[in-house]
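Descriptive structure summary
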Amino acid sequence: EAGVAQSPRYKIIEKRQSVAFWCNPISGHATLYWYQQILGQGPKLLIQFQNNGVVDDSQLPKDRFSAERLKGVDSTLKIQPAKLEDSAVYLCASSLPVNTEAFFGQGTRLTVV
Amino acid sequence: GENVEQHPSTLSVQEGDSAVIKCTYSDSASNYFPWYKQELGKGPQLIIDIRSNVGEKKDQRIAVTLNKTAKHFSLHITETQPEDSAVYFCAASFSGSARQLTFGSGTQLTVLP
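The following refers to the structure shown. Every chain is numbered on its own, with residues counted from 1 as its sequence reads. Each chain gets a letter, beginning with A, and each ligand a number, beginning with 1, in the order they are written. Totals for whole chains, interfaces and linings use every residue, but because this is a predicted model, local features are given only for residues with pLDDT of at least 70 and side-chain atom pairs only at 80 or more, for both listing and counting. Heavy atoms from the whole structure form the basis of all side-chain values; hydrogens and water molecules are not counted.

1. Notes on the overall build of chain B
- Helix and strand assignments follow DSSP, with helices taken as H or I runs no shorter than four residues and strands as E runs no shorter than two, numbered in order from the N terminus. Check the secondary structure of chain B and you find 0 helices and 11 strands.
- Starting at the N terminus and walking to the C terminus, you meet the elements of chain B as β-β-β-β-β-β-β-β-β-β-β.
- We take the radius of gyration over the C-alpha atoms and set the globule estimate at 2.2 Å times the residue count to the 0.38 power. Over its C-alpha atoms chain B spans a radius of gyration of 14 Å, differing by no more than 12% from the 13 Å that the globule rule assigns to 113 residues.
- Principal-axis analysis of the C-alpha atoms places the extent of chain B at approximately 45 × 30 × 20 Å.
- Only protein chains enter the accessibility calculation, which uses a 1.4 Å probe; a residue whose area is less than 20% of its type maximum is buried, one above 50% is exposed, and one in between is partly exposed. Considering chain B as a whole, with its 113 residues, one finds that 45% of them fall into the buried category.
- Throughout, a contact is declared for two residues whenever any of their heavy atoms are within 4.5 Å. Taking the contacts inside chain B whose residues are at least 6 apart along the sequence as the reference set, 54% of them involve residues at least 24 apart.
- In this description, accessible areas are obtained by the Shrake-Rupley approach with a 1.4 Å probe, and a residue is regarded as covered only by the protein chains that are shown. Of the roughly 5500 Å² of accessible surface on chain B, a fraction of 47% belongs to carbon and sulfur atoms.

Now the structure itself:
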């Protein structure tokens, strides 16, 4: 089966610019996650969707980050305006309903200069 | 919230030797403990997981042990091979209404030929 697709793979932007990442989960996976992975650290959950509803966004910096999953399939994560500390790999993952394995995409490496 | 600590941060072993990575967690409600392998430029991939009703699980050269009383779990890789070189992450979650993984900080495993 096709895996989790993410684009772009790499993005370099200047601070205060905006950027958007796209994720297409595995077909049929109702749960979608966005994680932030700073170099040398483990992934940190930003937001979790169940279909098109938000389950948890407690760690999402809502003053600059936003995410949506309008039709309960693919999702976009946006940062506006970006800060230097947002430089990280942004990972999307998906899973069947709870208690099953989460499959990760390859991630988008963001560099803010 | 949950806090997961992982040790060591780097580990070098000779090919054919065993490798052990240890993690501790803080939330006694956590009941699902997966291990992920992340190769350079790729997203994390699940290699083995264990649930709290089991003390040990093995899959070929990989095994995981769980001590719920002490709140720690370990990954054991036997007969290591160069292709085992990667970053390994432990994680913990409570598989209740939503699966929210808290990751450790990762272990860079290098298998020397």
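2. Some points on the environment of G53(A)
All names here are of chain A.
- Take G53: it is sitting in strand β6 (residues 53–56).
- Overall, the relative accessible area of 29% leaves G53 in the partly exposed class.
- Linking G53 and Y35, residues 18 residues apart in sequence, is a C-alpha distance of 17 Å.

3. A look at the packing of aromatic side chains
- Two rings belonging to Phe, Tyr or Trp (six-membered ring only in the last case) form a pair when the distance between their centres is within 6.5 Å. Interplanar angles under 30 degrees mark stacking, angles over 60 mark edge-to-face geometry, and anything in between is tilted. This model, assessed by the stated rule, comprises 13 aromatic pairs over all chains.
- Here Y35(A) and F104(A) contribute two aromatic rings whose centre-to-centre distance is 5.5 Å and whose plane-to-plane angle is 45°, an arrangement assigned as tilted. One end of the pair, Y35(A), is in strand β4 (residues 31–37); the other, F104(A), is in strand β10 (residues 103–104), and 69 residues separate them in sequence. Accessibility assignment for this pair places Y35(A) and F104(A) in one class, buried.
- Arranged with centres 5.4 Å apart and planes meeting at 85°, the rings of F104(A) and Y36(B) form a pair that is edge-to-face. Residue F104(A) is located in strand β10, and its partner Y36(B) is located in strand β4 (residues 32–38); the two belong to separate chains. Exposure class is identical for F104(A) and Y36(B). Each is buried.
- Grouping aromatic residues by their ring pairs yields a cluster made of Y33(A), Y35(A), F104(A), Y36(B), F89(B) and F103(B).

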